[in-house]
Amino acid sequence: MKNQQAREHLVAERDRLTEVRDAASRLSTSPAEATERELSSADQHPAEQATETLERELDLGVLQSVEAELLEVQAALERLDAGTYGNCEVCSKPIAEGRLEAMPAARYCVEDQAKVERPAR
Ligand SMILES: [Zn+2]
């Protein structure tokens with residue numbers, strides 16, 4: 001894959017992730033709405049409260065994984081600028097094109113990705 005094409009993929013992905021992150025952070029921090037909920041739950045249903053807590057945790061989980069993805073995409077854009085994009089960070093060999101097309105922010109070749117995910121004991 002050409003670097004220009006990779007950059008377009010990564011920039012589009014960064015914009016998408018930024019939007020998702022902003023939407024998720026609006027969901028998890030909306031003070032006006034929270035106050036409204038507290039006022040309206042004068043007769044509290046414990047089950048309802050549990051659901052709200054779960055929703056809040058889900059929002060935070062989404063937010064964290066989006067933030068992590070965003071960091072990967074930004075790191076890939078930096079590697080493009082540095083001229084090291086497309087090479088495995090461990091063995092420095094070129095990463096397979098098909099892999100980069102599927103995961104433009106990939107840092108490692110398939111072999112090293114497996115090692116990173118399952119460290120040798
Ligand atoms: Zn490698």
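Residues numbered from 1 in each chain as written. Predicted model: local features only at pLDDT ≥ 70, side-chain atom pairs only at ≥ 80, totals over all residues.

The next subject is the overall build of the protein chain. Helices and strands together make up the secondary structure of the protein chain, namely five helices and zero strands. Reading the helices (α) and strands (β) of the protein chain from amino to carboxyl end gives α-α-α-α-α. Residue pairs at least 24 apart in sequence account for 65% of intrachain contacts in the protein chain once pairs closer than 6 positions are excluded. (Helix = DSSP H or I, 4+ residues; strand = E, 2+ residues; numbered from the N terminus. Contact = placed C-beta atoms within 7 Å.)

Grouped together as the largest cluster of nonpolar side chains are twelve residues: Ala6, Leu10, Leu17, Ala24, Val66, Val73, Ala76, Tyr85, Ile95, Ala105, Ala106 and Cys109. Looking at this core, the elements that each hand over two or more residues are helix H1 (3–28) and helix H3 (46–82). In terms of residue count, the dominant contributor to this core is H1 (four residues). Leaving out residues up to four positions away in the same chain, valine 66 has contacts with Leu17, Val20, Arg21 and Ala24. (Core = buried A, V, L, I, M, F, W, Y, C linked by C-beta atoms within 7 Å. Buried ≥ 20, exposed ≤ 12 C-beta atoms within 10 Å, placed from the backbone.)

All we've got here are geometric facts, nothing functional implied.
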